[in-house]
Each structure stands twice: as C-alpha cells, then as structure tokens.
Amino acid sequence: MALLDRQRGIRKPAFLDAALSFRTRFTPPGEVPPYEDREGPDGLLRYKYRGEDPEHPENVALRRAFQQGLPLIWFVGIARGVYLPRYPVWLIADEREQLQFVVALDEAQRLIEPGDAVDPERRRYVERLTRLRLHQPVFRARVLQAYGTSCAICQLRHRSLLDAAHIIPDGLPQGDPVVPNGLSLCKIHHAAFDQNILGIRPDHVIEVRPDIRLEVDGPMLRHGIQDMHGRTIELPRERSARPDPNRLEARYEEFCAAA
Ligand SMILES: [Zn+2]
C-alpha cells in the first residue's frame, strides 16, 4: 500500500476514514514555500490546511486523525520528488481560525498544551526537540542529497560515514540549518574542518594548516589530510544548493586566524 500520495498533500486510503500521512513539498533554497509551516508561540510546529476551506476532504481526514489521536507519517520534501519520512507524529490541536493543525513530533511534545502562554524554558525545551526530531535530520538529508551522498573533500560515498557540516556553526547568526550553510563531509573531514585543521577558501580550494602540512605521521594524515591541500571541493550541481560565498568567506577568515 502506498504511504504517500504524490498528487495530494495527504494520503487517505479509501478503507480508512482518517489520514495516514501528510507532506510538505520541497522548496529550493531562496524560494518562498507555498504553505509556510511555522512554529507557534508555544514552540510547536503548525501544519497549514489545504486551501482555506476547513471542510476540504483533506482537512477533514487530518481532523479525524487528530480527533482519534492516531499516529501519522509526515513526509518532508528534501529535493524535488524526494521525501524524508518522520513518524510517528501526531496532530494535537485544530486551530480553525488560523487554518492549521498543531503537530507533535514525539511523545514528549504530545504532552505540551498548545496555546499562547509562553514559558521561555518550556519553549526552549520544545524547540530543542524540534531541532532533534526534524531540523537536524532534514538538514542532513538535504545536504547529502545535494552533494550526491559524497564527501565534498574526498568523495567518500558511505552514507553512514557522512555528515552535514555547518559552515557557520549552529547557534551563531547565519548558522541556520539551510543547504547553503551546509557541506557534505565525511566524519574525518567534518572534524578537521570544525577544528581548523583544514579550511575552505571562498574560491572552493582546500587549505591544510601550515603546521599540519609539516607533520609526519601515518597514512591517514598523509593521504586523508595533507594530500587534500590545494584541491577543490566538489560542488552540488544545483546552483542554489552551493555554499553561500559570504558564509564561506567568514568561516575562512576564522580558519586563517587559527592558523
Ligand atoms: Zn572526506
């Protein structure tokens, strides 16, 4: 049985009366999504109704899943026609006036009372869970997809050994989990980049720190690190997915300061 309906926003098999899954289409970096799913004042995510009619069959099927407390699958677009499933998730409130449902991404978020009251500590907790359950896996999937599941520095292709590295670290201004702030790197090159053992120039040339270039050690240092000096990183074919030059430049300055 298909879990995703490619023609519609939700999947409701004929023999069920409630929805089984819903989806958010991929929007390329820099474009405005048709439906903006945002966090509410309580930190919980909102999923927008299909259109403006609360009685549209898709909205009714989702409402039934909410009323019956049924788990759902959320398919999040990571590239055109490619989705990352998140499950189980639940709809925990129906905000008809704002034409949206409130989504809980795990059991802990299910216990949160949706509403306006903002307790900053509770909100931070909810947002931390959202980062863990949604933003981090979606960022990783999008970055790996953009780079053809390959390390931009050494072209290693083992998915389990690849990370989505932030160019500007998480938590800093400009450090958001968006593809132009990402690089697909293997574990070694991710750590080497984060620790300024190597840097990436704004023209995409790899530089190994001068003191590291002089070191004598085993084959990993020799072939895995030193031999990368002067090579160019592999870029995503899709222009909008390439590293943001301003972020690369800011990060490269940091590398030079550490060298
Ligand atoms: Zn690598």
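The rules behind each value
Counting restarts for each chain, with residues numbered from 1 along the sequence as it is written. For this predicted model, a pLDDT threshold of at least 70 governs which residues receive local features, and a threshold of 80 or more governs which side-chain atom pairs are given and counted, while totals over whole chains, interfaces and linings are taken from all residues. Computation of side-chain values: all heavy atoms of the structure, hydrogens and water removed. A run of H or I in DSSP counts as a helix once it spans at least four residues, and a run of E counts as a strand once it spans at least two, with each numbered from the N terminus. Remark: exposure states derive from per-residue accessible area (1.4 Å probe, protein chains only) relative to the maximum for the residue type, with buried under 20%, exposed over 50%, and partly exposed in between. By definition in these notes, contact holds between two residues if any of their heavy atoms fall within 4.5 Å. Working definition of accessibility: Shrake-Rupley area with a 1.4 Å probe, residue cover restricted to the visible protein chains. His residues and chain termini do not enter the charge count, which takes Lys and Arg as positive and Asp and Glu as negative. All charge positions are set by atom: Lys at NZ, Arg at CZ, Asp at CG, Glu at CD. Pairing of aromatic rings covers Phe, Tyr and the six-membered ring of Trp, with a centre-to-centre limit of 6.5 Å; geometry is then stacked below 30 degrees between planes, edge-to-face above 60, and tilted otherwise. Lysine and arginine charges are scored as sitting over a ring when NZ or CZ, respectively, is within 6 Å of the ring centre and within 35 degrees of the ring normal. Water is not part of the atom set, so a site may look incomplete; the donors themselves are N, O and S atoms within 2.8 Å of the metal, or 3.2 Å for Na, K and Ca. Metal sites are grouped by the angles between bound donors: all angles between 85 and 135 degrees with four donors is tetrahedral, opposite donors over 155 degrees apart with the others between 65 and 115 is square planar for four donors and octahedral for six, and any other pattern is irregular. Here the bounds of each domain stem from an automatic or database domain assignment. Throughout, buried area stands for the accessible area (probe radius 1.4 Å) lost by two parts on being put together, summed over both. Take a side-chain nitrogen of Lys or Arg and a carboxyl oxygen of Asp or Glu: if they are within 4 Å of each other, that pair is a salt bridge. Polar contacts here mean pairs of N or O atoms no more than 3.5 Å apart (in protein, one a potential hydrogen donor and the other a potential acceptor; neighbouring residues in sequence count only if both atoms are side-chain atoms). Each pair of strands is called paired provided DSSP finds at least two bridges between the two strands. Lines fitted to C-alpha atoms define the axes here, with helix axes fitted over just the stretch in contact, and angles between the N-to-C directions of these axes take values from 0 to 180 degrees.

(A) Inspection of the overall build of the protein at higher detail. Along the protein, the regular secondary structure elements total seven helices and 10 strands. C-alpha atoms of the protein, sized along the principal axes, occupy 70 × 40 × 30 Å. Across the 259 residues in the protein, those meeting the buried criterion constitute 46%. Nonlocal contacts in the protein, meaning residues at least 24 apart in sequence, comprise 58% of its contacts between residues at least 6 apart. Working note: accessible area of the protein is about 14,000 Å², and carbon and sulfur atoms make up 51% of it. In the protein, the 37 positive side-chain charges and the 37 negative ones have mean positions that sit 6 Å from each other.

(B) Looking closely at the packing of aromatic side chains. Within this structure, the stated rule accounts for five aromatic pairs. Ring centres of Tyr 49 and Phe 101 lie 5.0 Å apart, and the angle between their planes is 50 degrees; this geometry places the pair in the tilted category. Highlighted residues: Tyr 49 in the loop between strand 3 (45-48) and helix 1 (57-67) and Phe 101 in strand 6 (residues 100-104), separated in sequence by 52 residues. Grouping residues by exposure puts Tyr 49 and Phe 101 together as buried. Among the aromatic residues, those joined into a cluster by ring pairs are Phe 22, Tyr 47 and Trp 74. The side chain of Arg 251 reaches across the aromatic face of Phe 193, ending 4.7 Å from its centre.

(C) Spatial organisation of the coordination of the zinc ion. Protein ligation of the zinc ion involves Cys 151 (SG), Cys 154 (SG), Cys 186 (SG) and His 189 (ND1), the donor distances falling in the range 2.1 to 2.3 Å. Angles of 94 to 117 degrees at the metal separate the four donor atoms of the zinc ion, which places the site in the tetrahedral class. Of note, the zinc ion draws all its donor residues from one chain, in the sequence arrangement C-x2-C-x31-C-x2-H. Of this pair, Cys 154 sits in the loop between helix 3 (120-146) and strand 7 (162-166) while Cys 186 is found in strand 8 (residues 182-186), placing the two residues 32 residues apart along the sequence. By relative accessible area, which is 25% here, Cys 154 ends up partly exposed.

(D) Fine view of the domain arrangement of the protein. Along its sequence, the protein is carved into domain 1 (10-143) and domain 2 (150-258). Taking the mean C-alpha position of each, domain 1 and domain 2 sit 33 Å from one another. With nine residues of domain 1 at the contact, the number on the domain 2 side is 16 residues. Between domain 1 and domain 2 lies a buried interface of about 940 Å² when both sides are counted; carbon and sulfur atoms form 67% of it. The tally of links from domain 1 across to domain 2 stands at one salt bridge. A salt bridge links Arg 80 to Glu 238; the shortest N-O distance between them is 4.0 Å.

(E) Spotlight on the pattern of salt bridges. Here the structure, examined in full by the defined rule, presents 18 salt bridges. Between Arg 201 and Glu 207 there is a salt bridge, and its shortest N-O distance comes to 3.6 Å. On the basis of relative accessibility, which here comes to 27%, the residue Arg 201 falls in the partly exposed class. The exposure class of Glu 207 is buried, given its relative accessible area of 18%. Taken together, the shared-partner salt bridges in this structure form one network comprising Glu 55, Arg 63, Asp 94 and Arg 96.

(F) Expanded view of the side chain of Gln 109. By the element assignment, Gln 109 lies in helix 2 (residues 107-110). Here Gln 109 falls in the buried class, since its relative accessible area comes to 0%. Among the polar contacts listed, one links the side chain of Gln 109 to the backbone oxygen of Val 126, at a separation of 3.1 Å. Gln 109 has contacts with Leu 44, Ile 92, Val 103, Ala 104, Val 126, Leu 129 and Thr 130, leaving out every residue within four places of it along the chain.

(G) Region of the structure containing the sheet that holds strand 6. With mixed pairing, six strands are arranged side by side in an open sheet as 1-2-4-5-6-3. Each edge of the open sheet is held by one strand with a lone partner, namely strand 1 (10-11) and strand 3. Relative to strand 6, strand 3 runs antiparallel, the two sharing four bridges. Across the sheet, residue Tyr 47 finds its bridge partner in strand 6, namely Phe 101. The strands touched by helix 1 are strand 1, strand 2 (21-24), strand 3, strand 4 (72-79), strand 5 (82-95) and strand 6; relative to strand 5, the strand with the most contacts, the crossing angle is about 75 degrees.

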